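Spelled out from the first residue to the last, the chains are:
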Amino acid sequence: MSLLAIEDLEVGFATRSGRVAALKGVSLAVEAGETLGLVGESGSGKSVTAFSVMRLLDRSATISGGRIVYAGQDITRLGRADLRALRGAAMTMVFQNPRAALNPIRTVGLQIADALRAHIDMSAAQARAEALGLLAAVQIRDPEARLDAYPHELSGGMCQRVMIAMAMSCAPKLLIADEPTTGLDVTTQKTVMDLLAGLTRSRGMAMMLITHDLGLAAEYCDRVAVMEQGRIVETASPATLFSDPRHAYTRRLVAASPTRTSTVASLTADPALPAGVVAFPQVRRESAQAALLTVEGLVKRFGSGEPAVKGVSFNIRAGESLGLVGESGSGKSTISRMVCRLLDQSEGSILFDGEDIGAIPTGKFHQSPLRKAIQIVFQDPGDSLNPRFSAFDSIADPLRKLLGLGKGRELKDRVAATADQVGLPLDLLDRFPHQLSGGQKARVGIARAISVAPRLLVLDEPTAALDVSVQAVVLQLLDRLRREQGMAYLFVSHDLNVIRMMCDETIVMQNGSIVERGPSQRIFDAPAEAYTRQLVAAIPHFDPHRARQPADMPASRSQPL
Amino acid sequence: MKPRALGLIARRTGRRFLSSVPALVGVVVFTFILMRVLPGDPAVFFASGPNAGKAEIEAIRSQMGLDKPMAEQLFYYVRDIGTGNLGRSLTTGQTVSKDLASRLPASLELTFVALALALTLAIPLGVLAALRPGSLVDHGVRLLCTLGVCVPTFVSGLLLIYCFYYWLGIAPDPTGRLDVFTTEPPRITGFLLIDALAAGDWEAWSAAARQLVLPAATMALFVLAPLARITRASMLAVLGSDYIRTAEGLGLSRPRIIIGYALRNGLLPVLTIAGIVFSTMLGANVLVEKVFSWPGVAAYALDALLSSDYAPVQGFVLLMATIFVIVNLTIDVLYGIADPRIGME
């Protein structure tokens, strides 16, 4: 018998426009000691499935059919007291956004003690000693001092370790991890995931890992279930799933996930085609061309502490694409903002086409004729659009302000032409941001930036908020635009795979300084610096030939019955 | 609480206090000018009678210094405040500082008791409403709050008197802080409840408490709405937050989640509002003081204003401004202790 068996689960949400089905008959089983991956894009129902098992669903959600059987009991029929006895003691959950998941005004030591004392009868002193042991088990440095720390005094990765310590405290049999590393840096992601995998293995716990990242699922799971629109479309071992996906949706998802070898073109191509058939035409640029953007000794200080950017120099030639990668706090976004003249630098010069734009204060730059030559695409396509502007207004805004186009025919034609370039259907132009999908909003953001035909486009994590299939399309669009318009790109991202596909040259940043720079492919294949090697090694990937074979699994792990 | 955090709070408090000094100076100047601009001539008012001659009025005016230019009057006023002299009330004949000192405890005691009463009612009501939004309890609380804020205090005060004094006969005479048969305990703080306790005089304590109930209830009813509503809103937000879900996911008991996790976080905004409510009550309880013949500062200031008696009004406004600053500082310090994130700024 499985540890957890979900049978034909149906869950619906009551909304203003009636009932919406989130899960339409989900069935899956988790065996004792097994790690099951649940992958899918946003809205596919993976989190709803997890919250149903914990019975932590939102007030507006109801389980309308099916059963969830845990160790012989149907969870959907349990009362509050029985549920409380189960939660934390038998099954537990690790959440996304670890900092928000911890009580902000209670020390982490007390919170772990609360979790312990909810199920085990012990004194406060005993609980504190036990909490210390748990913090040591999740490998927090200096656990004694961390006991009395508040969540805001810890990094995101440390908060997630605390969360894991709480989840482990009463030795449950099932751990549900809901996107446990989303929002964490790639190296932190690796340590947190290794920790989770190690702890569940050594304690014989089963884990249900929910993630949108196929690479992560492939690396850490024994079996992977793929969800689409409230249904499970395919379940298989990672090796089979990624080398031989059966369902059309799985095929699309596998293709869209950037890997070590994928190219922009292969992201939506049929994976059945042998690689190389869709060979990607490389951009040819005249090497003798003078630099379009030259940044010299750029420094940015916020307050009195260490500078956020410490003397960075680089240049970009016309039509070239330069990638800027690094973890949070490395200074990559700060650089992009200074180059766009949204932020004044503390020291250093920024030359654009021979003109010293660094000397123009950011407050005055909008009057400069060069404003339209440098444009930016922001990270969150939803938040960076004015909610009261229709798509048309958003795209027309820079045309009105920078080119002085009035209400006439010319403006309409120009907006329509730009929308056409980014593949935005013209009938969507009247819509407001909340009426557009994530991918459509991303297109509006890109259209707004390119409507004035800039020569340099700064892209600040343009696809970080998008699902992989949407990301694939947006990346292809950006790549095509660059070749058609001859724009230069400064592409900021934390995703090394995306940078490798999109950029000729890459700069690796750490703590405000450049660690390494060079041709993107070389940085990936043969990183020269230790930090770059660490970054590259931390990317989870699912090379079908390198995927974990059953023989690699530790012997202590119980096999599915 | 770590000593480092306490030091941070102390430094922040000092900074906040210094930054409120200009506001206090502004209040002094503004009230001074306002009093001069308002119609009414104190010299005429304090002359012997309606038939007083021009010469007599002029003499009083020059004796009061009202014939001097306004800038000079302001200079003398500010210099006197600096030396702790708030002037003399022409109606009572006492110095303003003495009048205020003797009357302030009455107002403070009433306000504290009313606020405590309001909080003990509003917080559970707000929590109950937040636990079951849209339920009968929620609507009941909303109705009570709306009534409380709609009915003016002089109406609700009179209603309470009618009910409990005239009709049921269980409340004492609604006049003053003690009934005529009780001797006042020796004055230490001016707060009757505390002084009676210090003297071990239980009879005086219960008499003073009985006098307090109706006016305090009247005021509490009026401020119930903002307190209960903010409790409800902030509890709703907290109950929907990630860390409450975490606590539920770990199987913590229901009381522990609601009181230990949700309420402690949910009370933070209530603390801020309570500070504002306290200051408002202290300044605005003049109607209650009038209805219940309460010898407080607000009633004193109103009487002075009606008789064009400048000094008490100016003293009262300055006192209120100072109390406002002190209350806000206290709230700041409490907030710093209750929320460890504040010390980081």
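Predicted, not measured: the structure shown is a model, and the values here were computed from it. (Residues numbered from 1 in each chain as written. Chains lettered and ligands numbered in written order. Predicted model: local features only at pLDDT ≥ 70, side-chain atom pairs only at ≥ 80, totals over all residues. Heavy atoms only, no water.)

A.B. asks: Give a detailed account of the overall build of chain A, specifying residues and quantitative values.
C.D. replies: Across its full length, chain A holds 18 helices and 20 strands. Taken over the C-alpha trace, chain A has a radius of gyration of 25 Å; the compact-globule value for 561 residues is 24 Å, and the two agree within 12%. Along the longest, intermediate and shortest principal axes, the C-alpha atoms of chain A span 70 × 50 × 45 Å. Counting over 561 residues, chain A shows a buried share of 53%. Counted over contacts in chain A with a minimum sequence separation of 6, partners at least 24 positions apart contribute 68%. Put simply, chain A shows about 23600 Å² of open surface, and 49% of that area lies on carbon and sulfur atoms. The distance from the centre of the 62 positive side-chain charges to the centre of the 59 negative ones in chain A is 3 Å. (Helix = DSSP H or I, 4+ residues; strand = E, 2+ residues; numbered from the N terminus. Rg over C-alpha atoms; globule rule 2.2 N^0.38 Å. Buried < 20%, exposed > 50% of the residue type's maximum accessible area, 1.4 Å probe, protein only. Contact = heavy atoms within 4.5 Å. Areas by Shrake-Rupley, 256 points an atom, 1.4 Å probe, with all protein chains shown as cover. Lys, Arg positive; Asp, Glu negative; His and termini not counted. Charge placed at Lys NZ, Arg CZ, Asp CG, Glu CD.)

A.B. asks: Describe the overall build of chain B, listing the residues and the values that go with them.
C.D. replies: The secondary structure content of chain B amounts to 14 helices and 0 strands. Helices (α) and strands (β) of chain B occur, in sequence order from the N terminus, as α-α-α-α-α-α-α-α-α-α-α-α-α-α. Principal-axis analysis of the C-alpha atoms places the extent of chain B at approximately 85 × 55 × 40 Å. The buried share of chain B, taken over its 345 residues, is 44%. Summarising the internal contacts of chain B: among those between residues at least 6 apart in sequence, 73% fall at separations of at least 24.

A.B. asks: Got a sec to walk through helix α10 (residues 248-256) of chain A? Specific residues and values, please.
C.D. replies: When α10(A) is considered as a whole, its buried residues turn out to be A:Y249, A:T250, A:L253, A:V254, A:A255 and A:A256. Looking at the buried residues of α10(A), the elements they touch are α8 (214-220), β9 (223-228), β10 (231-236), α9 (238-243) and α15 (468-485) of chain A.

A.B. asks: Quick one: what's the story with a nonpolar patch on the surface, residue by residue and with numbers?
C.D. replies: All names here are of chain B. A cluster of nonpolar side chains, namely F30, L34, L38, L302, L305 and L306, defines an oily patch on the protein surface of about 550 Å² accessible area. Of all the secondary-structure elements, those providing two or more residues to the nonpolar patch are α1 (3-37) and α13 (297-306). Sorting elements by how many residues they give to the nonpolar patch places α13 first, with 3 residues. (Patch = residues over 30% accessible without salt bridge, like charges linked within 9 Å, V, L, I, M, F, W, Y side chains within 5 Å. Salt bridge = Lys/Arg side-chain N within 4 Å of Asp/Glu carboxyl O.)

A.B. asks: Can you lay out the side chain of A:K300 for me, pointing to particular residues and giving the numbers?
C.D. replies: All names here are of chain A. Of note, K300 is situated in strand β11 (residues 291-300). Although K300 lies buried, it forms no salt bridge, and the closest oppositely charged side chain, D344, sits 6.6 Å away as judged by the N-O distance. Contacts of K300, omitting those with residues within four sequence positions, involve P307, A308, V309, T334, M338, L343, D344, Q345 and S346.

A.B. asks: Outline the interface of chain B and chain A, supporting the account with residue identities and numerical values.
C.D. replies: Every contact between the two is made by 26 residues of chain B and, on the other side, 31 residues of chain A. In total, about 2400 Å² of surface goes out of reach between chain B and chain A, with carbon and sulfur atoms giving 58% of it. Across the contact surface, chain B and chain A share 1 salt bridge. If you look at where chain B meets chain A, you find 9 residue pairs in polar contact (both at pLDDT 80 or more). Listing elements by their share of the side of chain B that touches chain A, those giving two or more residues are α10 (242-249) and α11 (254-284) of chain B. (Buried area = accessible area lost by both parts, 1.4 Å probe. Polar contact = N/O pair within 3.5 Å; in protein donor to acceptor, adjacent residues only side chain to side chain.)

A.B. asks: If you had to explain empty space enclosed by the protein to someone new, which residues and values would you point to?
C.D. replies: Residues and elements named next belong to chain A. Under the definition given, this model contains 5 cavities of 30 Å³ or more. One number sums up the size of the largest cavity: a volume of about 80 Å³. Lining the largest cavity, in full, are T259, R260, N497, F524, D525, V536, I539 and H541. Of the residues in the lining of the largest cavity, the class split is 3 nonpolar, 3 polar and 2 charged. Taken as a whole, the second largest cavity holds about 50 Å³ of empty space. Lining the second largest cavity we find V377, F378, P381, S384, A442, G445, I446, P462 and V474. Ranked by residues supplied to the lining of the second largest cavity, first place goes to helix α14 (residues 438-450) with 3 residues. A breakdown of the residues in the lining of the second largest cavity according to their chemical character gives 7 nonpolar, 2 polar and no charged. (1 Å grid on protein atoms, 1.4 Å probe; cavity = no way out; pocket = protein on both sides within 12 Å on 5 of 7 lines; lining within 4 Å. Points joined across faces, edges and corners; volume = space filled by probe spheres on them. Nonpolar A, V, L, I, M, F, W, Y, C, P; charged D, E, K, R; others polar.)

A.B. asks: Requested: an account of the side chain of A:D467, with residues and values cited.
C.D. replies: One can find A:D467 in the loop between β17 (456-460) and α15. Filtering out sequence-adjacent residues up to four positions away, A:D467 remains in contact with A:E41 and A:S42.

A.B. asks: Can you break down the layout of surface pockets residue by residue, with the values?
C.D. replies: Taken as a whole, the second largest pocket spans an internal volume of roughly 1100 Å³. Of all the elements in the fold, those that place two or more residues in the lining of the second largest pocket are α1 (46-54), β4 (61-70) and α2 (80-86) of chain A together with α5 (96-131), α9 (202-239), α10 and α11 of chain B. Here the lining of the second largest pocket gets 4 residues from one element, more than from any other, and that element is α10(B). Looking at the lining of the second largest pocket residue by residue, the class counts come to 18 nonpolar, 5 polar and 11 charged.

A.B. asks: Run through the packing of helix α3 (residues 108-117) of chain A against helix α6 (residues 156-168) of chain A, naming residues and quoting values.
C.D. replies: All names here are of chain A. The geometry of α3 relative to α6 is characterised by a closest axis approach of 8 Å and an angle of 20° between their N-to-C directions. Accordingly, the angle class assigned to the pair α3 and α6 is roughly parallel. For the element pair α3 and α6, the recorded crossing hand is right-handed. Residues V108, Q111, I112 and A115 of α3 touch α6, and the partners they reach there are V162, A165 and M166. (Axes fitted to C-alpha atoms, helices over the stretch in contact; angles between N-to-C directions. Parallel < 35°, antiparallel > 145°, perpendicular 65-115°, else oblique. Left-handed = near helix turned anticlockwise from the far one by under 90°.)

A.B. asks: Give a description of the pattern of salt bridges that names residues and reports values.
C.D. replies: Evaluation of the coordinates by the stated rule reveals 32 salt bridges over all chains. For A:K46, the salt bridge goes to A:E179, with nearest N and O atoms at 3.9 Å. On the criterion of sequence distance, the pair formed by A:K46 in helix α1 and A:E179 in the loop between β7 (174-178) and α7 (186-202) is long-range, its members being 133 residues apart. A residue is classified by how much of its surface remains accessible, and A:E179, at 8% relative accessible area, is buried. Here A:E461 makes a salt bridge to A:K332, at a shortest N to O gap of 3.9 Å. Residue A:E461 is found in the loop between β17 and α15, and its partner A:K332 is found in helix α11 (residues 332-339); the two are separated by 129 residues along the sequence. Like A:E461, the residue A:K332 is buried in the burial classification. Within the structure, one salt-bridge network assembled from shared partners comprises A:R106, A:D114 and B:R256.

A.B. asks: Any details on the packing of aromatic side chains? Residues and values, ideally.
C.D. replies: Residue and element names in this part refer to chain B. Summed over all chains, the structure comprises 6 aromatic pairs over all chains. Measuring from centroid to centroid gives 5.6 Å for F32 and Y77, while their planes differ by 25°, and the two rings are stacked. Of this pair, F32 sits in helix α1 while Y77 is found in helix α4 (residues 70-82), placing the two residues 45 residues apart along the sequence. Of the two residues examined, F32 and Y77, each falls in the buried class. (Phe/Tyr/Trp six-rings, centres within 6.5 Å; stacked < 30°, edge-to-face > 60°.)

A.B. asks: Just give me the short version of the sheet that holds strand β13 (residues 321-325) of chain A, but keep the residues and values in it.
C.D. replies: Residues and elements named next belong to chain A. Read across the sheet, 6 strands follow the order β16-β17-β18-β13-β19-β20 without closing on themselves; strand pairing throughout is mixed. The open sheet has two free edges, formed respectively by β16 (374-377) and β20 (513-519), since each of these has just one partner strand. Going across the sheet, the axis of each strand differs from the next one's by a mean of 15°, ignoring polarity. Across the sheet, α14 lies against β16 and β17, angled at about 175° from β16, the strand it touches most. Where helix α18 (residues 530-538) meets the sheet, it contacts β19 (505-510) and β20, and its direction lies at approximately 100° from that of β19. (Pairing = 2+ DSSP bridges.)

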